[in-house]
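Geometric and topological summary
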Amino acid sequence: MPCIFVGIASFRDPEIQATVDALFAHAAHPERIHVGICLQVDPKQDAACIVRPKGYPGKLRIEQVHHTDSQGAGWARHRAQQLWDGENYILAIDSHMRFESGWDKALIDMLSRCPPRSLLSTYVPRYTPPDTRDRFPGQILRIRVHGMAEEGNPQTLHITKVPVPLTDKERSGLYRAPFAIAN
């Protein structure tokens, strides 16, 4: 069965353990999940931000660096990506995420319906810890441009989400987009 590498950059985030727990708990096939984490913490001050490999023997690869040595989010994502060990699929996520049941099977199925060398991206729903999630039953969130920024605003392009019904049999929620969201 194909394996999935999940790369996570975590900067002093107390949600990282809950994210890892949810990642495995909601996978249809947790045995095929491998996780690489660039954990940017102060080991003395950030006890709540440390990942413990409880119940996931051999599934977590963690590079821990002191948060003052971090060189930013892109750098940390790159460091997490370097922990990839040849798994068939790669998923890059934030350190504060929740998952739907069977997320791994659903993503592989979606990707199998795309042209070769495709990338899946979406605007993920919000959640309030520990696990209160915005729900969009029967829908997927499509990335859309909300508008262009006013002059002087450093965020040139404003992106938003639009719920799209999964009843569209032709696409089943899959649409081409000119950009990807990094979460």
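Residues numbered from 1 in each chain as written. Predicted model: local features only at pLDDT ≥ 70, side-chain atom pairs only at ≥ 80, totals over all residues. Heavy atoms only, no water.

With respect to helix 3 (residues 103-112)
Along helix 3, the positions that sit buried rather than exposed are Trp103, Asp104, Ile108 and Met110. The arc that holds every buried residue of helix 3, seen down its axis, measures 160 degrees, which confines them to one face. Along helix 3, the residues that are exposed and aim more than 90 degrees away from the buried face are Lys105 and Ser112. Packed against the buried residues of helix 3 are strand 1 (4-11), helix 1 (16-25), strand 2 (33-41), strand 4 (89-94) and strand 7 (139-148). (Buried < 20%, exposed > 50% of the residue type's maximum accessible area, 1.4 Å probe, protein only. Helix = DSSP H or I, 4+ residues; strand = E, 2+ residues; numbered from the N terminus. Arc of directions from axis to C-beta. Contact = heavy atoms within 4.5 Å.)

Things to note about helix 1
Most of helix 1 is tucked away, with eight of its 10 residues classed as buried. Within helix 1, burial applies to Ile16, Gln17, Thr19, Val20, Asp21, Ala22, Leu23 and Phe24. Buried residues along helix 1 sit against strand 1, strand 2, strand 3 (60-66), strand 4 and helix 3.

Overview of the state of the cysteines
Applying the stated criterion across every chain, the model contains zero disulfides. Cysteine Cys49 shares no disulfide, and the gap to the nearest cysteine sulfur, in Cys38, comes to 14 Å. Looking at Cys49, the relative accessible area reads 6%, which means it is buried. (Disulfide = S-S within 2.5 Å.)

Some words on the nonpolar core
Membership of the largest hydrophobic core comes to 25 residues, with the highest contact counts inside it found for Val6, Val20, Leu23, Ile33, Val35 and Trp103. Put simply, the parts of the chain that give this core at least two residues each are strand 1, helix 1, strand 2, strand 4 and helix 3. Discounting chain neighbours no more than four positions away, the residues touching Val6 are Leu23, Ile33, His34, Val35, Gly36, Leu91, Ile93 and Trp103. (Core = buried A, V, L, I, M, F, W, Y, C linked by side-chain atoms within 4.5 Å.)

A short note on a nonpolar patch on the surface
Among the surface-exposed residues, Val145, Met148 and Leu157 lie close enough to one another that they form a single nonpolar patch of about 270 Å² accessible area. Looking at the secondary structure, you find Val145 in strand 7. (Patch = residues over 30% accessible without salt bridge, like charges linked within 9 Å, V, L, I, M, F, W, Y side chains within 5 Å. Areas by Shrake-Rupley, 256 points an atom, 1.4 Å probe, with all protein chains shown as cover. Salt bridge = Lys/Arg side-chain N within 4 Å of Asp/Glu carboxyl O.)

A word on the packing of aromatic side chains
Inspection of the entire model under this criterion finds two aromatic pairs. Taken together, a centroid distance of 4.2 Å and an interplanar angle of 15 degrees make the contact between Phe24 and Tyr56 stacked. Taken together, the positions of Phe24 in helix 1 and Tyr56 in the loop between strand 2 and strand 3 put the pair 32 residues apart, joining distant regions of the chain. Residue Phe24 is classed as buried on the basis of its relative accessible area, which comes to 7%. Assessed through its relative accessible area of 12%, Tyr56 is described here as buried. An angle of 45 degrees between the planes, with centres 5.4 Å apart, marks the rings of Phe99 and Trp103 as tilted. On the accessibility criterion, Phe99 (7% relative accessible area) is buried. Judged by relative accessible area, Trp103 falls into the buried class, the value being 6%. (Phe/Tyr/Trp six-rings, centres within 6.5 Å; stacked < 30°, edge-to-face > 60°.)

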